[in-house]
Amino acid sequence: MADLQDRKRFEPSEVEPRIVRRWLDSGLVHPEPHGTAAENYSIAVPPPNVTGVLHMGHALNGAIQDVLIRTNRMRGRRAKWILGTDHAGIATQRQVEKQLAEQGTTREELGREAFAERVWAWRADYGGQIIEQFKRLGATLDYDDERFTMDERYVRAVLKVFVDLHDDGLIYRDNYMVNWDPGLRSAISDLEVEEREGVEDTLYSIAYPLASGEGEVVVATVRPETMLADTAVAVHPGDERYTHLVGQELVLPLVGRRLRVIADEYVRTEFGTGCLKITPGHDPNDFEIGRRHGLEEIGVIGEDGLMTAAAGERYAGLTVAVAQERVVADLTEQGLIRAAEPYVHTVPFSQRSGERVQPLISLQWFMRMDELAGPAIEAVRSGRVRIHPASQSRRYLEWLQDIRPWCISRQLWWGHQIPVWHRGEERHVGMEAPAGEGWEREADVLDTWFSSGLWPFATLGWPEQTPELRAFYPTDVLSTARDILFLWVARMVMLGLRFAGDVPFTDVYVHSVIQAPDGRRMSKSLGTGVDPLDEIDAHGADAVRFGLLAMSSSQDVRYSPEKIQQGQALANKLYNATRFVLTNLGRFGIQVGAEADDGVTPQARPRTVEDRWILSRLQAAKAAMAARVDGFDFSKAALGLYDFVYGELCDWYLELVKPRLGEEADPEDRAALGATLLHVLRETVAIAHPVIPFVTEDLWEHLAGPAEGGSNPPLLATSRLPEVDEALRDPAAEAQVGRAIEAIRALRTWRDSVGVKAGAVVPGRLQAEGYEAVSARIADLARFELDGASGAGQVVATVAIPGGTVGVLASDAVDLGAAERRLERQREDLRREIARAEGRLGNEGFVAKAPAPVVEAERTKLERLRADLSAL
């Protein structure tokens, strides 16, 4: 630990690795499981995929969670940040399959058991990357107790939940509509479906003849190949154009099947012709309509993405695209295409394989959600689970109130294999394989979201009643993005209530999504991604943490490099301020921390109004920081910290007290000031620590002094967060120094406006009450020489300040004539610009031909120019 005097700049690349080692070696991150959850504090990290690397979403959420963990740890609570990774069934399997393809083999050639061994080997080689990256961010996760959703204890928890839910009748097997990924040949979750906007298709209007031969009904579709699976045509019951057709039959073109005309309120009368072809086998909405009306469910697209035998001999075996071309050609030949027009719409694609998702009916395992949804709804309505912002509560409740069965099976090899065995018509559901020969285990695995739904309690040892479970469940906060509010958050609430006996967390904070600077989504493939590790390399982890927190909100936000730079400036400012103070105090033998004569850090000893002011403002900063962190307002917490450190502490207080640190200052006052400065710096560094932990921990080593009986100073991360001291609140001092600051700003603004040289001291006459205690400080910082109201000299200008004025006296420092000449030149420039703008707007040809936004911009510019001229 080099002396601050020898380190002129804060160097994150040198400091951060050393500080991380101190945190990890101290046992800071691994609290022993004592006490109860009510006494302790815990957060379960949203488990990153084992395939993952740190991206901006991880970095933002990591910063948010670490602020909460550090704050509560410094409040004296035993704080555990539960760490682990998700096995990420689809993503991990694809990574290993890609590796196998490079080696010229496939998982089918290896077999299931050997393939699983290859996945475990891949995880051992690559799976810990993101964990190490979290350390670079300064995240104090419990690295000593890392969990994995495929470790032995976790697997047993997952299987128990499946078996119990099956025994309770909530898990069953059925043919139902799913999102089918032909590339993966598996059902996928809604989160793995990308709703791709702006897809161009052709909207075909197709004539379906009435079976009576007395006319036709025209339907519109962008997927004419699916008409081969149509089993009805629907109209709205209130659409008078078609009510007479309800109950009649149509003839399905190309197939000849009879279709009934049905009435259903789902139909949008304004879309197409108002007649909707119903394909229960290939559209989720049609599927629901079909079940309501008892329609046949025909599948003409198979799980391999090819047309099935049910499509007819002419189309069977074709790809969907080729089948569409042939169907359109055949309809055209029969004269049944009534219109074909371009149509731009949103289409579902698989995020995993990139192929277009095919809604189809498949034999899968499902979970009934209605019985589980009721308690989860009540948990939010009653306030047992609070969602921030409140608008997200409405989305959560709306989704749960309209919840559908959940497809929990996936056609993969990597994951939790479903604990069901079959032998002929027999079926065994259990934690272990049944006795006897001939039993074959279900090949499918569980949806990753099923196992991650157990995360807050399974990571703590459930179903065993472990000390960890007693000490840290329920957790306190879940911080997450809104896109998994339903897929993950709601399911954790349901499963936590049912199996762990309580809600899994009391507060859910839905953080913003960080977009690229141009407003597009961050994506490596689009070239819009910003790597947080690159930003840490360039600016330091504190800067990245601060910047992400400062730019966060409840809405999506654009990435702001300026906020990162602001965070870097804050770290440097606090470092330089501390270095300045300690260097100056050291010159006069004023000791720090345990080096002090009495063995403790001196308490504040305010002797002047500015001392009382900074101590009062420090209490306000502590209160504001606590309230904002507790209220999940991390942007205001970060920016408020910046304003206090950069503005009030450094730009004002340190500047106000610099004369009291000089060689000629009163030694007694200097010693008292030293005590106050140390007190303020220690408490400032402490409240800043959760946001910018590296620079503050580094400074604490110098502010705290060595620990008792050892060479290393105590950790700031384990120190108590200073509480608000109401006795140090001083509204009078705040008002008095606040007026002085406004006066200094006014005098500096006047100097700039008339071009006074930076080093020149301007004589002035102070004509205001209440400045007696601060007039000397105003004079120093504004570069004025102030006399009382009776001071001699000619007043050549007047500057308004709170409660009065400062009369500027004639002197060589002020050349008002030159200032006036400069102002007049500015006025002339503005008059010319105004005349030019008025000429343009007075030109009828310009106003008539120019686009409206250009004309409006010119009018706005003219108003601004006139306002600027008026101000001069």
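Please refer to the structure placed before this passage.
Model, not experiment: these values are computed from the prediction.

Cut-off values and rules
Residues numbered from 1 in each chain as written. Predicted model: local features only at pLDDT ≥ 70, side-chain atom pairs only at ≥ 80, totals over all residues. Heavy atoms only, no water. Helix = DSSP H or I, 4+ residues; strand = E, 2+ residues; numbered from the N terminus. Buried < 20%, exposed > 50% of the residue type's maximum accessible area, 1.4 Å probe, protein only. Contact = heavy atoms within 4.5 Å. Areas by Shrake-Rupley, 256 points an atom, 1.4 Å probe, with all protein chains shown as cover. Polar contact = N/O pair within 3.5 Å; in protein donor to acceptor, adjacent residues only side chain to side chain. Pairing = 2+ DSSP bridges. Axes fitted to C-alpha atoms, helices over the stretch in contact; angles between N-to-C directions. Parallel < 35°, antiparallel > 145°, perpendicular 65-115°, else oblique. Nonpolar A, V, L, I, M, F, W, Y, C, P; charged D, E, K, R; others polar. Salt bridge = Lys/Arg side-chain N within 4 Å of Asp/Glu carboxyl O. Right-handed = clockwise from strand over helix to strand, strands pointing away. 1 Å grid on protein atoms, 1.4 Å probe; cavity = no way out; pocket = protein on both sides within 12 Å on 5 of 7 lines; lining within 4 Å. Points joined across faces, edges and corners; volume = space filled by probe spheres on them. Phe/Tyr/Trp six-rings, centres within 6.5 Å; stacked < 30°, edge-to-face > 60°. Lys NZ or Arg CZ within 6 Å of the ring centre and 35° of its normal. Core = buried A, V, L, I, M, F, W, Y, C linked by side-chain atoms within 4.5 Å.

Here we come to the overall build of the protein chain. Helix and strand counts for the protein chain stand at 27 helices and 29 strands. A principal-axis box enclosing the C-alpha atoms of the protein chain has dimensions of 110 × 85 × 55 Å. A buried classification covers 52% of the 872 residues belonging to the protein chain. Sequence-distant contacts, at least 24 apart, represent 76% of the contacts inside the protein chain between residues at least 6 apart. Surface exposure of the protein chain reaches about 38100 Å², of which carbon and sulfur atoms provide 47%.

In this chain, His388 is followed by Pro389 through a cis amide linkage whose omega measures -5 degrees. Along the chain, Pro389 turns up in the loop between strand S15 (386-388) and helix H11 (390-401). A cis amide bond links Tyr473 with the next residue in sequence, Pro474, at an omega value of 0 degrees. Phi is positive for Ala88, close to 50 degrees, though the residue is something other than glycine. Along the polypeptide, Ala88 turns up in the loop between strand S3 (84-85) and helix H3 (89-102). For Arg185, which is not glycine, the phi torsion reads 60 degrees and is therefore positive.

Looking now at the side chain of Glu610. Among the structural elements, Glu610 can be located in helix H19 (residues 609-630). Within the structure, Glu610 has its side chain in polar contact with the side chain of Thr608 (distance 3.3 Å). A polar contact is formed between the side chain of Glu610 and the side chain of Arg660, at a distance of 3.4 Å. The contacts of Glu610, once residues within four sequence positions are left out, are Tyr653, Leu656, Val657, Arg660, Val737 and Arg777.

Reading across from one edge, S27-S26-S29-S28 is the order of the four strands in this open sheet, with mixed pairing throughout. Here the strands that pair on one side only, and so sit at the sheet edges, are strand S27 (784-787) and strand S28 (795-801). Strand after strand, the sheet turns through a mean of 30 degrees between neighbouring axes, direction not considered. As defined by bridge partners, strand S26 (residues 762-768) adjoins strand S29 (residues 804-809) across five bridges and the pair is classed as antiparallel. Paired with Gly764 across the strands is Val808, a residue of S29. Lying over the sheet, helix H23 (residues 731-754) contacts S26, S27, S28 and S29, oriented at roughly 140 degrees with respect to S28. Contacting S26 and S27, helix H24 (residues 775-782) crosses the sheet at an angle of about 150 degrees to S27.

In this section: the packing of helix H16 (residues 532-539) against helix H17 (residues 541-551). In helix packing, the relevant descriptors are the interaxial angle and the interaxial distance, both defined with respect to the helix axes. Two elements in contact, H16 and H17, have axes whose closest approach is 7 Å; the angle formed by their N-to-C orientations is 120 degrees. Comparing their axes, H17 and H16 come out oblique. For the pair formed by H16 and H17, the contact residues are Pro532, Glu535, Ile536 and His539 on the first element and Ala541, Ala543 and Val544 on the second. Residues that form the contact of H16 with H17 fall into these classes: five nonpolar, one polar and one charged.

Moving on to the pattern of salt bridges. Inspection of every chain in the model, using the stated rule, returns 65 salt bridges. A salt bridge links Arg268 to Glu270, with the nearest nitrogen and oxygen atoms 3.5 Å apart. For Lys658, the salt bridge identified is with Glu655, shortest N-O distance 3.0 Å. Judged by its relative accessible area of 37%, Lys658 falls in the partly exposed class. Counted as one network, the salt bridges with shared partners bring together Arg607, Glu610, Asp611, Arg660, Glu668, Asp669 and Arg777.

Looking now at the pairing of strand S22 (residues 475-481). Along S22, seven of the seven residues are buried, which leaves the element largely enclosed by surrounding structure. Where S22 and strand S23 (residues 505-511) come together, six bridges link them in parallel fashion. Counted as the bridge partner of Ala481 is His511 from S23. On the question of chirality, the crossover connecting S22 to the parallel S23 by way of helix H15 (residues 485-500) is right-handed.

With that settled, the discussion passes to the sheet that holds strand S6 (residues 186-188). In space, the four strands of this open sheet follow the order S6-S5-S14-S16, with antiparallel pairing throughout. The open sheet is flanked by S6 and strand S16 (406-407), the only strands paired with a single partner. Lying on the sheet, helix H8 (residues 284-293) is in contact with strand S5 (171-181) and strand S14 (358-367); it crosses S5 at an angle near 145 degrees.

Turning next to the environment of Thr480. Along the chain, Thr480 turns up in strand S22. Its relative accessible area of 1% is what places Thr480 among the buried residues. C-alpha of Thr480 to C-alpha of Ser212: the two residues are 268 residues apart in sequence and 58 Å apart in space. When near neighbours in sequence (up to four residues on either side) are disregarded, Thr480 contacts Asn61, Trp488, Val489, Val508, Tyr509, Val510 and His511.

Glancing now at the layout of surface pockets. By volume, the second largest pocket amounts to about 1300 Å³. Lining the second largest pocket are 43 residues; nearest its centre among them are Val222, Arg223, Asp283, His345 and Arg356. Mapped by element, the contributors of at least two residues to the lining of the second largest pocket are strand S7 (193-209), strand S8 (216-221), strand S12 (276-278), H8, helix H9 (320-333), strand S13 (337-350) and S14. If you tally residues by element for the lining of the second largest pocket, the top one is S13, at five residues.

In this fold, Thr221 is placed in strand S8. Within the local environment of Thr221, its side chain forms a polar contact with the backbone nitrogen of Arg223, the two atoms lying 2.9 Å apart. Those residues in contact with Thr221 that sit more than four places away from it in its chain are Thr202, Leu203, Tyr204, Ile206 and Lys277.

For the pair H17 and helix H22 (residues 693-703), interaxial distance at closest approach is 7 Å and the crossing angle is 130 degrees. The angle between H17 and H22 places the two elements in the oblique class. Of the residues in H22, those touching H17 at Ala541, Asp542 and Arg545 are Pro693, Phe694 and Val695. Its residues placed into classes, the contact of H17 with H22 shows four nonpolar, no polar and two charged.

As a further point, take the pairing of strand S1 (residues 41-44). Where burial is concerned, the two faces of S1 agree: the one with Tyr41 and Ile43 and the one with Ser42 and Ala44 are both buried. Here four bridges tie S1 to strand S2 (residues 79-82), and the two strands are oriented parallel to one another. In the sheet register, Tyr41 faces S2, and the bridge partner there is Ala79. A crossover connection joins S1 to the parallel S2 through helix H2 (residues 56-74); in handedness this β-α-β unit is right-handed.

Next up on the list: the packing of aromatic side chains. Applying the stated criterion across every chain yields a total of 24 aromatic pairs. Ring centres of Tyr509 and Phe634 lie 5.3 Å apart, and the angle between their planes is 65 degrees; on these two criteria the pair is classed as edge-to-face. Within this pair, whereas Tyr509 is found in strand S23, its partner Phe634 is found in helix H20 (residues 634-657), the two being separated by 125 residues in sequence. Classification of Tyr509 as buried rests on a relative accessible area of 5%. Looking at Phe634, the relative accessible area reads 3%, which means it is buried. Among the aromatic residues, those joined into a cluster by ring pairs are Phe162, Trp365, Trp406 and Phe450. Positioned over the ring face of Trp23 is Arg70, at 4.2 Å from the centre of the ring. Positioned above the aromatic ring of Tyr143, the side-chain terminus of Lys135 is 5.0 Å from the ring centre.

The subject of this paragraph is the nonpolar core. Grouped together as the largest cluster of nonpolar side chains are 130 residues, with contacts concentrated most on Leu68, Leu548, Tyr653, Trp750, Ile778 and Phe784. When neighbours within four sequence positions are excluded, Leu548 is seen to be in contact with Met56, Ala59, Leu60, Ile514, Tyr559 and Ile564. Listed in part, the 62 residues of the second largest apolar core include Ile387, Val429, Leu446 and Met494.

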